[in-house]
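# A structural walkthrough
Given next are the chains, with one letter for each unit.
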Amino acid sequence: MAFPKDFLWGGASAAHQFEGNYHGDGKGLCSADCVTRGDGRKNIQRRVTFKTPDGKVGSQVVFPYDDLPEGAIVQCLDNEYYPTHEAVDHYHHYKEDIALMAEMGFKCYRMSINWSRIYPLGYGKVNEEGLKFYDDLFDECLKYGIEPVVTLFHFETPLQLVNEMGGWIDRRCVDYFVEYCKTVFTRYQNKVKYWMTFNEINNMEILPLYAGGMVKNDDQSKAVGSYHQFLASAKAVKLAHQINPDMKVGMMIAYTACYALTCNPIDELKKMKDDQIRHFYMDVQCRGAYPSYKLKEYERKGIVLPIQEGDLNILKEGTVDYIGFSYYSSSCVSGDPKQETTSGNMTTSVINLYLEKSAWGWLIDPIGLRIALNQLQERYQLPLFIVENGLGALDQFENGKIHDDYRIDYLRKHIQAMKDAIEIDGVDLMGYTPWGCIDLISAGTGEMQKRYGFVYVDNDDLGKGTKKRYKKDSFYWYQRVIQSNGNDLGE
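Now for a quick tour of the structure. Keep in mind that what you see is a predicted model, and the values were worked out from it rather than measured.

### Describing the sheet that holds strand 3 (residues 57-61)
If you trace the 3 strands from one edge of the open sheet to the other, you get 3-2-4, paired in antiparallel fashion. Edge positions in the open sheet fall to strand 3 and strand 4 (73-74), since each of these has one partner strand only.

### As for helix 6 (residues 172-188)
In an α-helix, one turn spans 3.6 residues; hence positions three or four apart end up facing the same way. The terminal C-alpha atoms of helix 6, which comprises 17 residues, lie 24 Å apart, in line with the 24 Å expected from a rise of 1.5 Å per residue. Considered for burial, the residues of helix 6 that qualify are Cys-173, Val-174, Phe-177, Val-178, Tyr-180, Cys-181, Thr-183, Val-184, Phe-185 and Tyr-188. At its buried positions, helix 6 is contacted by helix 3 (115-118), helix 4 (128-143), strand 6 (147-153), helix 5 (159-165), strand 7 (194-198) and helix 8 (219-243).

### Remarks on the environment of Thr-151
As for its position among the elements, Thr-151 is in strand 6. Sequence-wise, Thr-151 and Met-101 are 50 residues apart; in three dimensions their C-alpha atoms are separated by 18 Å. Not counting residues within four places of it along the chain, the set of residues in contact with Thr-151 comprises Arg-110, Met-111, Ser-112, Ile-113, Met-196, Thr-197 and Asn-199. Within the structure, the side chain of Thr-151 is placed 3.1 Å from the side chain of Arg-110, a separation counted as a polar contact.

### Focus on unusual backbone geometry
At the junction of Phe-63 and Pro-64, the peptide bond is cis and its omega measures out at 0° in the coordinates. With respect to the element layout, Pro-64 can be found in the loop between strand 3 and strand 4. Look at Glu-200: it is not a glycine, yet its phi comes out positive at around 40°. Here Glu-200 lies in the loop between strand 7 and helix 7 (208-212). Positive phi, close to 55°, is recorded for Asn-485, a residue that is not glycine. Considering the arrangement of structural elements, one finds Asn-485 in the segment after helix 14 (473-483). The class of Asn-485 is buried, set by a relative accessible area of 13%.

### Observations regarding the sheet that holds strand 5 (residues 108-112)
Pairing in this closed barrel of 8 strands is parallel, and the strands run 1-5-6-7-8-10-16-17 around the ring. Strand after strand, the sheet turns through a mean of 30° between neighbouring axes, direction not considered. As paired strands, strand 10 (residues 322-326) and strand 16 (residues 384-388) are joined by 4 bridges and run parallel to one another. What sits directly across from Ile-323, in strand 16, is Leu-384. Packing of helix 12 (residues 366-380) onto the sheet brings it into contact with strand 10, strand 16 and strand 17 (429-432), and relative to strand 16 it is tilted by some 140°. Across the face of the sheet, helix 13 (residues 405-423) comes into contact with strand 1 (8-12), strand 16 and strand 17 while running at roughly 170° to strand 17.

### Quick notes on the layout of surface pockets
Its boundaries defined by the atoms lining it, the largest pocket holds a volume of some 860 Å³. As for the largest pocket, its lining consists of 35 residues, and the residues nearest its centre are Glu-205, Ile-206, Asp-274, Ile-277 and Arg-278. Those elements that provide at least two residues to the lining of the largest pocket are helix 8, helix 9 (265-287), helix 10 (292-301), strand 11 (331-333) and strand 13 (347-350). Residue contributions to the lining of the largest pocket peak at 7 residues, all from helix 9. Of the residues that constitute the lining of the largest pocket, the class distribution is 13 nonpolar, 11 polar and 11 charged.

### A word on the pattern of salt bridges
Scanning all chains against the criterion turns up 34 salt bridges. A salt bridge links Arg-287 to Asp-283; its shortest N-O distance comes to 3.6 Å. One end of the pair is Arg-287 and the other is Asp-283, both in helix 9 and 4 residues apart, which spans about a single turn. Several salt bridges share partner residues, and in doing so they unite Asp-395, Asp-404, Arg-407, Asp-439, Arg-451 and Lys-472 into one network.

Thresholds, definitions, all that
Within every chain, residues take consecutive numbers counted from 1 along the sequence as written. Since the coordinates come from a predicted model, pLDDT governs what is reported: local features require at least 70, and pairs of side-chain atoms require 80 or more to be given and counted, while whole-chain, interface and lining totals use all residues. Each side-chain value is derived from all of the structure's non-hydrogen atoms; neither hydrogens nor water enter the calculation. One requirement defines pairing of two strands: DSSP has to find at least two bridges between them. Put simply, DSSP H or I for four residues or longer makes a helix, DSSP E for two residues or longer makes a strand, and each gets a number counted from the N terminus. Expected span, for any helix, means 1.5 Å times one less than how many residues it has. Throughout, exposure labels follow a simple rule: accessible area from a 1.4 Å probe, protein chains only, divided by the maximum for the residue type, with under 20% read as buried, over 50% as exposed, and the rest as partly exposed. Residues count as neighbours in contact if any of their non-hydrogen atoms are within 4.5 Å of one another. Between N or O atoms, a polar contact is any pair within 3.5 Å; within protein, one atom must be a potential hydrogen donor and the other a potential acceptor, and residues adjacent in sequence are included only when both atoms are from side chains. Here an angle of 0 to 180 degrees is reported between the N-to-C directions of two axes, which are lines fitted to C-alpha atoms, with helices fitted over the stretch in contact. Points on a 1 Å grid over protein atoms alone make up a cavity when a 1.4 Å probe fits among them but cannot get out, and a pocket when they form an open set with protein on both sides within 12 Å along at least five of seven lines; lining residues each have an atom within 4 Å of a point. Grid points are joined across faces, edges and corners, and a volume is the space filled by probe spheres set on the points. In this count, Pro and Cys sit with the nonpolar residues alongside Ala, Val, Leu, Ile, Met, Phe, Trp and Tyr, while Asp, Glu, Lys and Arg are called charged and the others, Gly among them, polar. Throughout this description, the term salt bridge denotes a Lys or Arg side-chain nitrogen within 4 Å of a carboxyl oxygen of Asp or Glu.

Below, the structure written as structure tokens:
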């Protein structure tokens with residue numbers, strides 16, 4: 001058998017895209033609460049809304065992102081729709097949702113704790129109602145033998161930290177985050193074994209508002225924000241091991257296999273540089289130091305890191321236990337700027353004529369997953385965990401049924417690639433949690449119509465619907481996959 005007997009089959013979500021109840025039971029606002037809906041197929045971008053010091057209201061596209069106006073206060077506006085406010089109301093449906101996960105046979109559930117549900121301001125007074133909600137959620141998981149896999153930060157910077165100090169550019173965020181970690185590590189140390197620090201931490205490069213609550217987008221600011229997150233992650237790893245040595249803390253990155261479009265050396269050089277951009281965030285968190293290629297880049301750009309005494313030892317001592325990563329598609333690069341491009345998971349790729357695309361233009365490449373697994377294994381020699389993968393698609397709801405053979409086909413091919421990586425290549429893979437196992441709000445577009453789940457939620461792009469849950473065909477297929485430990489892929 002390819003998959004180990006303790007392989008962690010499951011699914012994944014994020015608090016702000018799934019929970020709803022965005023301002024209830026003592027929760028404070030977070031950066032994600034102030035981002036509007038978009039439309040990926042119509043190229044309507046999501047926007048963050050704000051008010052300027054002179055009282056004017058405005059908005060700024062989050063991708064590509066420019067600096068917010070000086071002194072702008074990020075806030076929700078009365079005339080805008082924010083899809084994550086209600087999302088699919090997992091907050092009030094968590095028992096039903098976890099029962100559905102258990103019926104599929106989940107061994108684990110990857111989710112996030114919303115920092116501002118625990119500390120409404122990001123610091124100061126703890127919200128006991130928030131702590132109790134996650135207590136109850138974890139208890140419900142454990143009742144069914146489902147291991148929680150908890151992301152500590154999934155694009156959810158408390159809004160107070162955004163408006164008071166500009167997000168992670170301010171070093172105080174490190175101490176506030178570590179205090180938050182101490183609270184949840186201590187509270188849930190006997191309920192949660194697997195943790196991850198920052199979701200897709202490399203999105204600081206292109207989505208600093210999401211990745212760090214940043215109001216600025218210049219290279220110096222993003223370098224400082226990343227530096228502070230590296231410190232916070234390293235401190236969190238050390239803290240978790242002190243509180244309970246059995247807890248495992250990983251990092252999480254958005255990853256793709258990357259190909260040069262041709263064997264032209266300029267294309268290969270472009271691939272090398274793109275690989276460095278992606279690997280940088282893993283190099284620091286897995287190896288405990290900044291790589292020379294990044295230090296040279298900073299030197300050329302005049303970027304200065306705010307290193308304090310003891311910081312470098314913290315990075316060295318706080319390396320992660322495993323690598324969690326998202327994989328949706330591969331990317332292709334060229335040194336020729338005239339090549340046609342497409343987008344996928346907030347990345348841009350040259351068109352690869354050997355691959356099909358999803359309805360949202362994402363390249364579909366299961367073999368690329370096997371390549372990515374081998375690249376990461378060879379580079380870091382750490383256990384790997386695929387914590388996001390899946391197909392965003394338009395599902396047709398007909399008489400209570402959803403026939404999603406296209407999703408089954410996508411997942412089958414990716415699981416086969418995982419199987420080959422384990423069985424043939426010897427990759428150390430811990431688990432697999434497809435994204436949006438129950439339909440949720442898309443982070444990239446804010447849409448509901450872009451669905452990933454095994455379970456359909458009656459909810460549209462404007463939040464209208466009963467929120468009733470319906471099992472798709474893929475629900476029963478994934479159930480068989482888990483029951484067979486990946487041996488029955490239904491081909």
